[in-house]
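Okay, here's what each chain looks like letter by letter:
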Amino acid sequence: MINVCDIQVMKPMLAQHGFHFSKAKGQNFLISSWVPEQIALDSGVDENTGVLEIGPGIGPLTQQLCLRAGKVCAVEVDNRLKPILAQTVGEFENLEIIWDDVLKLDVPALVREKFPGLRPAACANLPYYITSPILTALLEAECFDQVTVMVQKEVAQRIAARPGTGDYSAFTVFCQYYAEPELLFDVPAHCFMPQPKVTSAVITLRVRKERPWNVEDQNIFFRTVRASFAMRRKKLSNGLASGFPQLGKDGAAEVIAACGFDENVRGETLGIPEFAKLSNEIARRLK
């Protein structure tokens, strides 16, 4: 197996194929072999697992996943990597590469087709510029047991944040609605070529089997969450009145009172149970 993280191996291989890094695609390749090994280990992948990998690049994480998983299905958008991946991961019989944009695929249908009888998981070193759309797609697919990704550290901290903290956001609530996040480890910039300007972090999201909040209307729930964070450091009633014009300021205040919250409460201090309570009250009033 080629050590693709060895810079003395990587540079000549990329030069041989005339490959140049694409800033537009957010390409930063790992040059520290401990990182993909640790990601694969912490992802909980074994021979009973089918793994969807997003953006294999030149294959360092792909190799480690293939050594452990029952099957790996890697989705890569950059066709220039075809001859390189043939060289670095072509030996693995449990690997299938799909040359496409994952955001254009029907992920649940893909998982059903590729991983029959296997426990589905997702794993990726995500480009910074497209982290949120891909994580959103993976969680909304509702077909994985676990999603383990390397992202910008500040994004990982946002995903795992608690109510009332500076990192807590609407995206936090979205991710934690679907899954329980755990920060695993940081990855310094010097572990990549070219070096990014920020530190990365690996986070795993264990998808919830049950959501104990009795949300009556999921669309109104997420609309409530977005409205609640739209005006940070202002009263929740302002955000709700703006997000739900039908309510108006008086109606928003009535919703907050009906839920038993203080009239001066701010949205960024609330957790998922509180947002569920608010959205259910709003849903009843909008019927």
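Rules behind the numbers
- Residues numbered from 1 in each chain as written.
- Predicted model: local features only at pLDDT ≥ 70, side-chain atom pairs only at ≥ 80, totals over all residues.
- Heavy atoms only, no water.
- Helix = DSSP H or I, 4+ residues; strand = E, 2+ residues; numbered from the N terminus.
- Expected span 1.5 Å × (residues − 1).
- Buried < 20%, exposed > 50% of the residue type's maximum accessible area, 1.4 Å probe, protein only.
- Contact = heavy atoms within 4.5 Å.
- Polar contact = N/O pair within 3.5 Å; in protein donor to acceptor, adjacent residues only side chain to side chain.
- Axes fitted to C-alpha atoms, helices over the stretch in contact; angles between N-to-C directions.
- Parallel < 35°, antiparallel > 145°, perpendicular 65-115°, else oblique.
- Left-handed = near helix turned anticlockwise from the far one by under 90°.
- Nonpolar A, V, L, I, M, F, W, Y, C, P; charged D, E, K, R; others polar.
- Disulfide = S-S within 2.5 Å.
- Pairing = 2+ DSSP bridges.
- Phe/Tyr/Trp six-rings, centres within 6.5 Å; stacked < 30°, edge-to-face > 60°.
- Core = buried A, V, L, I, M, F, W, Y, C linked by side-chain atoms within 4.5 Å.
- Salt bridge = Lys/Arg side-chain N within 4 Å of Asp/Glu carboxyl O.
- 1 Å grid on protein atoms, 1.4 Å probe; cavity = no way out; pocket = protein on both sides within 12 Å on 5 of 7 lines; lining within 4 Å.
- Points joined across faces, edges and corners; volume = space filled by probe spheres on them.

(A) A look at helix 9 (residues 218–229). Spanning 12 residues, helix 9 covers 17 Å between terminal C-alpha atoms, matching the ideal 16 Å at 1.5 Å per step. Those residues of helix 9 not exposed but buried are Ile220, Phe221, Phe222, Thr224, Val225, Ala227, Ser228 and Phe229. Taken together, the buried residues of helix 9 touch helix 8 (170–178), helix 10 (236–243) and helix 12 (272–286). N-capping of helix 9 is provided by Asp217, with a side-chain oxygen placed 3.0 Å from the backbone N of Asn219.

(B) Highlighting the environment of Asp262. Mapped onto the fold, Asp262 is located in the loop between helix 11 (248–258) and helix 12. Residues Asp262 and Leu236, spaced 26 residues apart in sequence, show a C-alpha to C-alpha distance of 9.7 Å.

(C) Focus on the packing of helix 2 (residues 34–42) against helix 3 (residues 60–68). The N-to-C vectors of helix 2 and helix 3 enclose an angle of 40 degrees; their axes lie 8 Å apart at closest approach. Between helix 2 and helix 3, the angle falls in the class oblique. Of the two possible hands of crossing, helix 2 and helix 3 adopt the one that is right-handed. Of helix 3, the residues touching helix 2 (which contributes Pro36, Glu37, Ile39, Ala40 and Leu41) are Pro60, Leu61, Gln64, Leu65 and Arg68. Considering only residue class, the contact of helix 2 with helix 3 consists of seven nonpolar, one polar and two charged.

(D) Examining the state of the cysteines more closely. Taken as a whole and judged by the stated rule, the model has zero disulfides. Summary of cysteine pairing: Cys66 is not part of a disulfide, and the nearest cysteine sulfur, belonging to Cys73, is at 10 Å.

(E) Structural detail: the sheet that holds strand 3 (residues 71–76). Taken together, seven strands build an open sheet; the order of strands is 4-3-2-5-6-9-7 and the sheet is mixed. Sheet topology places strand 4 (95–99) and strand 7 (179–187) at the edges, where each strand pairs with a single neighbour. Strand-to-strand twist across the sheet, computed as the mean angle between neighbouring axes with direction ignored, equals 20 degrees. Note: strand 3 against strand 4, five bridges, orientation parallel. Directly across from Val72, in strand 4, lies its bridge partner Leu95.

(F) Here's a closer look at the packing of aromatic side chains. Following the criterion strictly, the structure yields 15 aromatic pairs and no others. With 6.1 Å between their ring centres and 10 degrees between their planes, Phe171 and Phe174 make a pair best called stacked. Highlighted residues: Phe171 and Phe174, both in helix 8, separated by three residues, approximately one helical turn. Neither residue differs from the other here; Phe171 and Phe174 are each classed as buried. The structure contains a cluster of three or more aromatic residues connected by ring pairs, namely Phe171, Phe174, Tyr177, Tyr178, Trp213, Phe221 and Phe222.

(G) Representation of the packing of helix 11 against helix 12 within the structure. At their nearest, the axes of helix 11 and helix 12 sit 9 Å apart, and the two run at 130 degrees to each other. Classified by the interaxial angle, the pair formed by helix 11 and helix 12 is oblique. In the crossing of helix 11 with helix 12, the sense of the turn from one axis to the other is right-handed. Of helix 12, the residues touching helix 11 (which contributes Glu254, Val255, Ile256 and Ala258) are Leu278, Glu281, Ile282 and Arg285. Along the lines of polarity and charge, the residues of the contact of helix 11 with helix 12 split into five nonpolar, no polar and three charged.

(H) Summary view of the nonpolar core. Membership of the largest hydrophobic core comes to 65 residues, with the highest contact counts inside it found for Leu52, Phe144, Val147, Phe221, Leu240, Phe275 and Leu278. Beyond its immediate chain neighbours, meaning those up to four positions away, Phe144 contacts Leu52, Val107, Val111, Pro120, Ala121, Ala122, Leu138 and Val207. With 34 residues, the next largest nonpolar core counts Val4, Leu30, Val51 and Val72 among its residues.

(I) Looking closely at the pattern of salt bridges. A full pass over the atoms with the stated rule returns 14 salt bridges. One salt bridge connects Lys114 with Glu113, and the closest N-O pair in it is separated by 3.2 Å. Glu142 is paired through a salt bridge with Arg211; the nearest N and O atoms lie 2.4 Å apart. With a gap of 69 residues between them, Glu142 in the loop between helix 6 (131–140) and strand 6 (146–152) and Arg211 in the loop between strand 9 (200–207) and helix 9 connect regions that are remote in the sequence. Note on Glu142: relative accessible area 46%, which makes it partly exposed. Overall, Arg211 belongs to the partly exposed group, its relative accessible area being 27%.

(J) How the structure looks around the layout of surface pockets. Volume-wise, the largest pocket comes out at about 520 Å³. Forming the walls of the largest pocket are 34 residues, and the residues nearest its centre are Lys25, Gly55, Glu76, Asn125 and Pro127. Elements with a contribution of two residues or more to the lining of the largest pocket: strand 1 (29–30), strand 2 (49–54), helix 3, strand 3 and strand 6. For the lining of the largest pocket, the element with the highest residue contribution is strand 6, accounting for three residues. A breakdown of the residues in the lining of the largest pocket according to their chemical character gives 20 nonpolar, eight polar and six charged. In this structure, the second largest pocket occupies an estimated 260 Å³ of space. Lining the second largest pocket are 13 residues, and of these Lys23, Gly26, Gln27, Asn28 and Pro194 sit closest to its centre. Grouping the amino acids of the lining of the second largest pocket by side-chain chemistry returns six nonpolar, five polar and two charged.

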